[in-house]
Amino acid sequence: MTIDTCPQPKCSFIRKGRSTMTLTTLLFYGTALGLLVVGLRELLAGFEENRCRMTYMFEYPEYRRVPLPRRVARMYPAYGLYLYGEGLYAQETRDLQLYGAPVLFLPGNAGSYKQVRSLGSVALRKAEHAEGGLHFNVFTLDFNEELVALYGGSLQRQTQFLYESVKAILELYKHLKTPPKTVVLVGHSMGGVVARALLMLPRVKSNLVRFIITYASPHVAPVLVLDPYLQDFYSSLRIKWIKQADELRNVTVLSIGGGYRDFQVRSGLTSIHSPPDDTSKLSMVATAVPRIWVSTDHLSIVWCNELILATVRAFFNLVDPETRQFTDSTNKTVAVLNHHFVRHPGRMFGDTQESSISMLDDPEAWSEVKTLRLAYRTPKEVEVKYFTFALSSRRKAYSHIYCRSNNPDMGSWVYGCMRENGSSCEHAVDLSNGTELLPPYKVLMLSLSNLSSYTHLVVSASNLNAKQFMVECEWQKQQVLTQSIAVPHVLSLGLTVSEVTVNQTGLFHTIQLKYFHEVYQAFRINIASQCKAQKVNRLPSVYRMKVPWFLEDFLTTASVPSVTEIFGMLHTNRPNNMAQAHVLLHLHTAPNCQYKVTIRTSLTKVLGQVMRFFLPMMPVYTTVTLLLAFGVQLSTIRKSQGAAPMSLMLCKGLQPHKINLSISILHIIFSRLKASWSLSIPMDIAPPIFPDAAVQDVSLDWPYFLHPLLYILGAAVAFWGSALLRLVTRLLSFFLAMLYRPTLSRDSGTLRPWMQIAATFFLLAVGFKTCGALAIMAAFALHLYRILRLQMTERSLRYVLNLAPLQHKENSIMEVNLNKDEPLLSEKALREARDDLQLHLCLSALFTVPVALSGPSLIYWGRNLRYSTQLDPDPCRLYLLPMIISYVLLINCDTQTLAKSKLLRLTSLLPLPISAAMVFFTPLHLYRLTYFLLGVLIPLVLCCLL
């Protein structure tokens, strides 16, 4: 039998609160958790399967360490420089007598130097068939697998070591007549950011590195900003590249994002900011790269065979045949990269073909096309065939001519010529450079306004290799074959459908998707094709979603007839300077077929997009919920002299309307201050919360549904996380009870004053001499010990009361106290123990935030302990003193002391403005959360002392 230990009227509020924890509350937080799980599932698994081919080594890989100067080896004992090799090549380069072109690979966050094996192996294999012994020496850096994406204190050190490694590599080629003056850098993840940061060093000239390739590197902003060093590094890098943009024009940078499979670094962060007229900075997503067309996750991008092959092919085209080193020409470098990564014309770079063709050689090979469409399938035997199109008769009626062919071996296949007297087509000009390579065929769209200097267009269908293929051409009027459709609103939840039917029988159609320009939008697009006549040899259809402001195209191939489903999502928002641009859906269709396009909002994909872009901000909203709940707890202690259950406080602390109002007020105040006084105010919500906005001039209005949604999701994390915390403390208290005798005192687990002073000085000494995160973790453990002892005390008191007979308790009450409102001493002790337990559970939930934020620096320190016992720089050192004092002094805090404090009323009012400031200043700078928490913890300590 359980006795109610909460007397009247003191605990009426708590009784009423406990009764409100109904099924509705659990249903609300369960629904919020379900939305969070659905969004996380879409983020982590809501994409196509990995279609990248694995890159295999042909022989056993070897990594030969390159000796560095003693000074460098002493300054960077944890780092190393290696030369990759296999088989005979590894034996030949044992003495480091090198003759190839140097390439240096930089691993990323927690990356291994052995990840270079895919790039190195493919480069060695292709060099076996290269003319003149052309090959590459592929080096790699060992950064000790540091967590540089979470701890920015070592980024500057890695950059300095990269500079020393580049100098050491160039020293290996001093024996050559024409030694290389530059090294090509290939960086993965944060390795690409370090590669760009090399040019940030004051003594490094831009000609030291002329070409950089980065795979899934977050150039715009870090994914998580857990310490100020990471933010300062990015700020310095951004300022350097903006101020010296003209000087860095001779540095070509190619950045490739992984696409939707990469949930660690979203592709919008891989964009490189550069002036509009600087063509040497290229940014794209792997799904848009010709001959790749696949999405890669964060790790597979370094071994994706399609991407590695494209990279190595570009390397061979970038080598000067005379010097056998990488070219110094920026124009050639940009041309090669555009060829392989932007618009592959279907032939090797630099290949030329005779452009003089004549009808006199073989008049039967020439045919003039007088119809609106050409569809020709070559025979299986060798044949020379040319089709001519008269341009003069079509200029007024049509705007473009569209051709496609599924013969990738023929590089030059479309020509423009001026025919005189109708006899021959001499001096033809190759127009094939505008060809785009699609998965099943190559296409060429020519505007007739650009062909005014030609009388005829010649399309070659010569089957010189005896391989059968098809050629299709068509005159087009672009205005007729372009349609617009407004996408459904994101809050339509899939109930509203937008439809458009393509009735024209053209080979190419364009559908403009109006009002589709925000990253939180996501649509399910169904394309159904129906044909009147069944043709066996019909070319497949290709559906391409093209984004004008970023090279993030997505292509899908479908047979005809069929029903195909694709998802429309964006990696970046539309910039302000492209307000009239629309996302385009290109349909490369089959002739005489009808296509119906249906668009509806996908709720699951919308949640996935929210997680992709806003998940790094979720700790802010979780902390805000915990802080507001703690504020309600303090108000409860002040009013009722007792603490309520933590779950109830989390429900009452959910106050999005107050946060929204406070944020709006802060937005107005700081925006006017910034505009009037030109203040540099670090606002994270306005201007826009997306890091892309500050760099790409993107205007992102805060969606009215987004902030409440993030608030609710953060509250769900706080609610169920606190439930998990309570469960864990209960389980741990059972194990701790085996070591300690049960006690009935509420002071169990507290520290005496001299112990508090000793613990404070000891933890501070540990923090300043080793790692601040270690001291914070130890202080958190001391507070957790206090909670476990309170849990044991509460359970012991409850068992004592439950074992006592009810009648005996009633008689004792009558004998000892005439006033029935006064409880037994044991009942009062149980109530006080419960109040203290609920108070410290709320405190412990807040204490987990600094512990979690400092965790990466602790891991970094532990992995580098053999090199140094002190973490330098230490991000926790700035707030270590007040944090340790707060942790230690609050161990002895109890509800009675707080209730008597005169500062409690003021302290209970602080969580709301501090929570609003958190949402305003910390979403992009998570390390600031600790400083805002101190704004509540320090006054709370004063409440316990005064």
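Anything mentioned here points back to the structure above.
Numbers given for residues are sequential positions, taken from 1 along each chain in its written order. At least 70 in pLDDT is required for a residue's local features to be given in this predicted model, at least 80 for side-chain atom pairs to be given and counted, and no such filter applies to totals for whole chains, interfaces and linings, which use all residues. Calculated side-chain values reflect all of the structure's heavy atoms, with hydrogen atoms and water omitted.

Caption draft 1: Highlighting the sheet that holds strand 26 (residues 583-588). For two strands to be treated as a pair, DSSP must find no fewer than two bridges joining them. Secondary structure counts use DSSP, requiring at least four H or I residues in a row for a helix and at least two E residues in a row for a strand, with both numbered from the N terminus. The sheet built from five strands is open, its strands ordered 19-21-26-23-24 with mixed pairing. The open sheet is flanked by strand 19 (482-486) and strand 24 (554-558), the only strands paired with a single partner. Neighbour to neighbour, the strand axes of the sheet diverge by 20° on average, direction disregarded. Bridge count for strand 19 against strand 21 (residues 508-514) is five bridges, and the pairing is parallel. Within strand 21, the residue paired with Ser 484 across the bridge is Gln 512. Fitted lines through C-alpha atoms give the axes, limited to the stretch in contact for helices. The angle between two N-to-C directions lies from 0 to 180 degrees.

Caption draft 2: Inspection of the packing of aromatic side chains at higher detail. Two aromatic rings, drawn from Phe, Tyr or Trp (for Trp, its six-membered ring), form a pair once their centres lie within 6.5 Å of each other, and the interplanar angle then sorts them: stacked below 30 degrees, edge-to-face above 60, tilted otherwise. In total, this model carries 28 aromatic pairs according to the counting rule given. On the numbers, 5.5 Å between centres and 25° between planes, the contact of Phe 136 with Phe 326 is stacked. One end of the pair, Phe 136, is in strand 4 (residues 136-142); the other, Phe 326, is in the loop between helix 9 (305-317) and helix 10 (330-342), and 190 residues separate them in sequence. Ring-pair connections join several aromatic residues into one group, and the members of that group are Phe 136, Phe 211, Phe 315, Phe 316 and Phe 326. Two conditions define a charge located above a ring, namely a distance within 6 Å from the ring centre to NZ of Lys or CZ of Arg, and an angle within 35 degrees of the ring normal. Over the aromatic face of Phe 567 sits the side chain of Lys 605, whose NZ or CZ is 4.4 Å from the ring centroid.

Caption draft 3: Representation of the state of the cysteines in the model. The definition used for a disulfide is geometric: two cysteine sulfur atoms within 2.5 Å. Summed over all chains, the structure comprises three disulfides. Residue Cys 403 pairs covalently with Cys 473 via a disulfide, S to S 2.2 Å. Measuring the twist about the S-S bond at about 115°, one finds the Cys 403-Cys 473 disulfide to be right-handed. Taken as a pair, Cys 403 in strand 12 (residues 400-405) and Cys 473 in strand 18 (residues 470-476) lie far apart in primary sequence, 70 residues in all. Across the pair, Cys 473 and Cys 403 agree in class, each one buried. Exposed residues in this analysis have more than 50% of their type's maximum accessible area, buried residues have under 20%, and partly exposed residues fall in between, with area computed by a 1.4 Å probe over protein chains only.

Caption draft 4: Main features of the nonpolar core. Among buried residues, the Ala, Val, Leu, Ile, Met, Phe, Trp, Tyr and Cys ones that are joined through side-chain atoms within 4.5 Å form a nonpolar core. Core analysis: the largest hydrophobic core is formed by 105 residues, its most contacted members being Phe 630, Ile 776, Ile 884, Leu 890 and Leu 898. If one sorts the elements of this core by residue count, helix 20 (residues 825-863) sits on top with 14 residues. With residues up to four places along the chain from it excluded, the contact list for Leu 898 reads Leu 634, Ile 637, Leu 839, Cys 893, Leu 904, Leu 940, Cys 943 and Cys 944. In terms of nonpolar packing, the next biggest core, distinct from the first, is built from 96 residues, Leu 124, Tyr 163, Tyr 173 and Trp 241 among them. It only takes one pair of heavy atoms within 4.5 Å for two residues to be counted as in contact.

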